[in-house]
Amino acid sequence: MYNFSAGSKRVLSVLALFALVGFLSVEGGKKNVKLDWYNEKLEASILAKNAADYLKEFRMQKGIFIDALNDPNETALIGQDITPITTDRGYIESKLTATNPNFAAVIIDMIKEAGLKENDVVAIAFTGSLPGLNIAVHAAIQTLKLNPIIITSIGASNWGANDPDFTWLDMEKKLYEAGIFKDISVAASIGGGLDRGRGLSPEGRELIKEAIKRNNVEFINEEYLENSIEKRMRIYRSKSKDSPIKLFINVGGGISSIGSTENYQFISNGLSTGLTMKNFPRKGVLIRMAEDQIPVIHLLNITNLAGKYRLPVSPVPLPQPGEGEIFIQEQYNVTLTIFVTIFLSAAIVLVYFMERRRHRLGTEQVL
């Protein structure tokens, strides 16, 4: 066992003190750093909030009842549990999480990562299930000055835009007419099973047809799901004209986008620049786009996305635009960290060679 002399102990104590001072300096030197595309993210989030606020004000003027228990932030973007146009099971935590306007910054991040530039064409598939996220996508697309081609499946899962008199198509039109958003859906389907409302009552299907008619968009109502998928592809291609589609964004679990329920497990949440091809039972629009080497953004598991981008789940109150680590992160001062590391490394090496020299000179004893 090595027996440290009084001198060695003093040197080690000083070294330990240097290490402590260095650690505290590095920790204290951390600073808040704006992340890439900060200005665009903030602009999109503000736009998303303004859009949501406008819809709330419109709904309040119409005397709509807001259930403060299920919609604690009183956004008016949370629908009812069951209505005649409710197509699927949905989770209220996802709906509440999606009302955060800072999801627009998440969409900006994904679009930029996909490499899109101003005026690029983006094909978009909305459902009525996540109106808050639809708003976020609109805000991001408009902020980046992209050219969207939007097709909506009107049916909604629980707690989504499932008011027959104020579907997502109606919300989108109000925002368009108010000049908040510059783009609007060019076509719509009933949604739900087979993209034609299987599982809905005849009354529910008729209510959706009325919504499509009053919003004056092309009605996709093919007898077979494969034909519905193909018609959507034709609409995207024809509306893009001579410009290539550079990105496909899917919000929700629309069967025309996914192809079949078995496909959900094979499609990653978020941005995919290269979807792993499987033996899909049926290829929806998302898979068809990926086969054409077009990046896809799939937005379905909202609480998972929130965790990935460090946004709160079911936040109360709603965060303000610009809040969260999608905008600003605390980071170490790289220059200071490198300096402290080099200084401490040099000190350790110096002490090591000094101790070796003392040992050779017999200044230390080995027991």
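Computed from a predicted model, the values in this text were never measured in an experiment.

Peer 1: Explain the environment of Glu57 to me, please; I cannot follow it from the model alone.
Peer 2: For Glu57, the position within the fold is in helix H2 (residues 38-61). With 18 residues separating them in the primary sequence, Glu57 and Thr75 have C-alpha atoms 9.4 Å apart.

Peer 1: Hey, could you run me through H2 in this one?
Peer 2: The periodicity of an α-helix, 3.6 residues per turn, causes residues three or four places apart in sequence to face the same way. Here H2 is 24 residues long and its end C-alpha atoms lie 35 Å apart, about the 34 Å a rise of 1.5 Å per residue gives. For H2, the full list of buried residues reads Tyr38, Lys41, Ala44, Ser45, Leu47, Ala48, Ala51, Ala52, Leu55, Phe58 and Arg59. With its phi angle positive at about 75°, Gly63 sits one or two positions after the end of H2.

Peer 1: Whenever I open this one, the pairing of strand E8 (residues 296-299) confuses me. Can you help?
Peer 2: Two faces make up the sheet, and in a regular strand the side chains alternate between them. Of the two faces of E8, the one carrying Val296 and His298 and the one carrying Ile297 and Leu299 are both buried. Where strand E6 (residues 245-251) meets E8, four bridges bridge the pair, whose relative direction is parallel. For Ile249, the partnering residue across the bridge sits in E8 and is Ile297. Taken together, the three bridges between strand E7 (residues 270-272) and E8 define a ladder with antiparallel strand orientation. By the bridge assignment, Ser272 is partnered in E8 with Val296.

Peer 1: How should the packing of helix H6 (residues 168-177) against helix H7 (residues 202-214) be read in this particular structure?
Peer 2: Helices that pack against each other are described as a pair by the angle of their axes relative to one another and the distance between those axes. H7 packs onto H6 with a crossing angle of 20° between their chain directions and a minimal axis gap of 9 Å. Between H6 and H7, the interaxial angle falls into the category roughly parallel. Of the two possible hands of crossing, H6 and H7 adopt the one that is left-handed. Seen from H6, the contacting residues are Leu169, Asp170 and Lys173; seen from H7, they are Ala211, Ile212 and Arg214. Of the residues assigned to the contact of H6 with H7, the class counts are three nonpolar, no polar and three charged.

Peer 1: Help me understand the sheet that holds strand E2 (residues 121-127), please; the structure alone is not making it clear to me.
Peer 2: What holds strands together in a sheet is hydrogen bonding between their backbones, with the strands either parallel or antiparallel. An order of E5-E4-E3-E2-E6-E8-E7 is seen for the seven strands of this open sheet, with the pairing classed as mixed. This sheet does not close on itself; its edge strands, each paired only once, are strand E5 (218-220) and E7. On average, adjacent strands in this sheet sit at an angle of 20° to one another, irrespective of strand direction.

Peer 1: Looking at this structure, how should I read the environment of Leu130?
Peer 2: Within the secondary structure, Leu130 sits in the loop between E2 and helix H5 (131-143). On the basis of relative accessibility, which here comes to 4%, the residue Leu130 falls in the buried class. For the pair formed by Leu130 and Ser94, sequence separation is 36 residues and the distance between their alpha carbons is 8.2 Å. With residues up to four places along the chain from it excluded, the contact list for Leu130 reads Ser94, Lys95, Ala98, Val251, Gly252, Leu299 and Ile302.

Peer 1: Explanation requested: the pattern of salt bridges in the structure shown.
Peer 2: Side chains that differ in sign of charge can pair as their charged atoms come close. Applying the stated criterion across every chain yields a total of 14 salt bridges. Two residues, Asp53 and Lys49, come together in a salt bridge whose shortest N-O distance is 2.7 Å. Pair noted here: Asp53 and Lys49 are both in helix H2, with a separation of four residues, about one helical turn. By relative accessible area, Asp53 is classed as partly exposed at 38%. Given a relative accessible area of 26%, Lys49 falls into the partly exposed group. For Asp195, the salt bridge goes to Arg232, with nearest N and O atoms at 3.3 Å. In this pair, Asp195 is assigned in the loop between strand E4 (187-189) and H7 and Arg232 in helix H8 (residues 225-240), connecting sequence segments 37 residues apart. The burial state of Asp195 is the same as that of Arg232; both residues are buried. One network of salt bridges, in which partners are shared, links Glu218, Glu222 and Lys231.

Peer 1: Can you walk me through the side chain of Lys231 in this structure?
Peer 2: Along the chain, Lys231 turns up in helix H8. Look at Lys231 and you get buried, because its relative accessible area is 15%. Residues within four places of Lys231 in sequence aside, it is in contact with Glu218, Phe219, Ile220 and Glu222.

Peer 1: Would you take a moment to explain the packing of H2 against helix H4 (residues 103-113) for this structure?
Peer 2: Running from N to C, H2 and H4 cross one another at 140°; their axes reach a closest spacing of 7 Å. Taken together, H2 and H4 sit at an angle that is classed as oblique. Taken as a pair, H2 and H4 cross one another with a handedness that is right-handed. Within the contact between the two elements, H2 uses Glu40, Lys41, Ala44, Ser45 and Ala48 and H4 uses Ala104, Ala105, Ile108 and Asp109. Of the residues belonging to the contact of H2 with H4, the class tally is five nonpolar, one polar and three charged.

Peer 1: Even after reading the chapter, I still don't get the confidence of the model for the protein, so can you show me in this structure?
Peer 2: Low-pLDDT stretches of the model should not have their predicted coordinates read in fine detail. A residue-level look at the protein finds 87% of positions with pLDDT of 70 or above and a mean pLDDT of 89. When the criterion is pLDDT under 50, residues 363-367 qualifies, and its contacts beyond four places in sequence or with other chains add up to 13 contacts.

Peer 1: Explanation requested: the side chain of Thr83 in the structure shown.
Peer 2: Along the chain, the position of Thr83 falls in the loop between H2 and helix H3 (92-97). The class of Thr83 is buried, set by a relative accessible area of 10%. From its side chain, Thr83 meets the backbone oxygen of Asn162 in a polar contact 2.5 Å long. When residues no more than four places from it in sequence are discounted, the contact partners of Thr83 are Asn162 and Pro164.

The rules behind the values
Residues numbered from 1 in each chain as written. Predicted model: local features only at pLDDT ≥ 70, side-chain atom pairs only at ≥ 80, totals over all residues. Heavy atoms only, no water. Helix = DSSP H or I, 4+ residues; strand = E, 2+ residues; numbered from the N terminus. Expected span 1.5 Å × (residues − 1). Buried < 20%, exposed > 50% of the residue type's maximum accessible area, 1.4 Å probe, protein only. Pairing = 2+ DSSP bridges. Axes fitted to C-alpha atoms, helices over the stretch in contact; angles between N-to-C directions. Parallel < 35°, antiparallel > 145°, perpendicular 65-115°, else oblique. Left-handed = near helix turned anticlockwise from the far one by under 90°. Contact = heavy atoms within 4.5 Å. Nonpolar A, V, L, I, M, F, W, Y, C, P; charged D, E, K, R; others polar. Salt bridge = Lys/Arg side-chain N within 4 Å of Asp/Glu carboxyl O. pLDDT = per-residue confidence, 0-100. Polar contact = N/O pair within 3.5 Å; in protein donor to acceptor, adjacent residues only side chain to side chain.

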